[in-house]
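The primary structure of each chain is shown beneath.
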Amino acid sequence: MGEDYANIKNNLVIIASELHRFKGVFSKAISKLEIDEQNKYTSQFQWFSKKVTKALDDAGIRVVTLDGQLYDPGMAVTPLNIEDFDAEDILYVAQTMEPIIMQENAVVKTGTVILGRVEK
């Protein structure tokens, strides 16, 4: 049972990560459509996303994105462009490339982000 549970949990973490990635790709693809078509497909994706998120929630899995939040080195993320900034810069999460995946209150998978500088 323990190994089966670990496999199920790992697969749910993969699904959670891929849902976030697909949302970005899907948004980019439908932006090329007419507005009526965009609305139709966006609505269908929102329904799908809601169902998947509910199933993940039922399993205790949460997808956490930090877009727009002030960056803190203690966040469970790897910033891809941290070397582009000085130590005194105030930074924020400009884009979540890979979300943080949590189960209950524990980090299962750290995220990956791109940072931006807060302009003074």
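Check the entry above for the structure.
If you're wondering where the values come from, they're calculated on a predicted model, not measured in any experiment.

Turning to the nonpolar core, a few remarks are in order. V64, L66, Y71, M75, V77, F85, L91, V93, I100, M102, V113 and L115 form the largest nonpolar core, which has twelve residues in total. The set of elements that each furnish at least two residues to this core consists of β3 (91–98), β4 (100–103) and β6 (111–117). Ignoring sequence-local partners within four residues, the contact set of V93 consists of L66, D67, G68, Q69, Y71, M75, V113, I114 and L115.

Looking now at the packing of aromatic side chains. What characterises a pair of aromatic rings is the spacing of the ring centres plus the angle enclosed by the ring planes. Counting across every chain of the model gives four aromatic pairs. With a centroid separation of 5.8 Å and an interplanar angle of 40°, the aromatic rings of F22 and F26 are classed as tilted. Pair noted here: F22 and F26 are both in helix α1 (residues 2–30), with a separation of four residues, about one helical turn. The buried category is assigned to F26, whose relative accessible area is 18%. A ring pair is formed by F45 and F48, whose centres lie 6.1 Å apart and whose planes are at 45°; its orientation type is tilted. Taken together, the residues span about one helical turn, with F45 and F48 both in helix α2 (residues 35–58) at a distance of three residues. The exposure class assigned to F45 is buried, which follows from its relative accessible area of 9%. Residue F48 is classed as partly exposed on the basis of its relative accessible area of 38%.

Along the polypeptide, K120 turns up in the segment after β6. Judged by relative accessible area, which is 85%, K120 ranks as exposed. Sequence separation of K120 and I90 is 30 residues, and the distance between their C-alpha atoms is 8.9 Å.

Taken as a whole and assessed by the stated rule, the structure comprises four salt bridges. The shortest N-O distance in the salt bridge between R21 and E18 comes to 3.2 Å. On the criterion of helical spacing, the pair formed by R21 and E18 is a turn pair, its members being three residues apart in helix α1. Judged by relative accessible area, E18 falls into the partly exposed class, the value being 37%. Among the salt bridges present, the one from K109 reaches E98, with a minimum N-O distance of 2.8 Å. With K109 in strand β5 (residues 106–109) and E98 in strand β3, this residue pair connects regions lying eleven residues apart in the sequence. Exposure remark for K109: the relative accessible area of 25% places this residue in the partly exposed category. Using a relative accessible area of 27% as the deciding quantity, one classes E98 as partly exposed.

So, on to the side chain of S17. When you line up the elements, S17 lands in helix α1. When residues no more than four places from it in sequence are discounted, the contact partners of S17 are P99, I101 and K109.

Another aspect to go through is the sheet that holds strand β2 (residues 77–79). The three strands lie next to each other as β2-β6-β3, forming an open sheet whose pairing is mixed. Here the strands that pair on one side only, and so sit at the sheet edges, are β2 and β3. Ignoring strand direction, the axes of neighbouring strands in this sheet form an average angle of 40°. Pairing of β3 with β6, which is carried by six bridges, proceeds in the antiparallel orientation. Bridge assignment links L91 to a residue of β6, and that residue is R117.

Criteria and cut-off values
Residues numbered from 1 in each chain as written. Predicted model: local features only at pLDDT ≥ 70, side-chain atom pairs only at ≥ 80, totals over all residues. Heavy atoms only, no water. Core = buried A, V, L, I, M, F, W, Y, C linked by side-chain atoms within 4.5 Å. Buried < 20%, exposed > 50% of the residue type's maximum accessible area, 1.4 Å probe, protein only. Helix = DSSP H or I, 4+ residues; strand = E, 2+ residues; numbered from the N terminus. Contact = heavy atoms within 4.5 Å. Phe/Tyr/Trp six-rings, centres within 6.5 Å; stacked < 30°, edge-to-face > 60°. Salt bridge = Lys/Arg side-chain N within 4 Å of Asp/Glu carboxyl O. Pairing = 2+ DSSP bridges. Axes fitted to C-alpha atoms, helices over the stretch in contact; angles between N-to-C directions.

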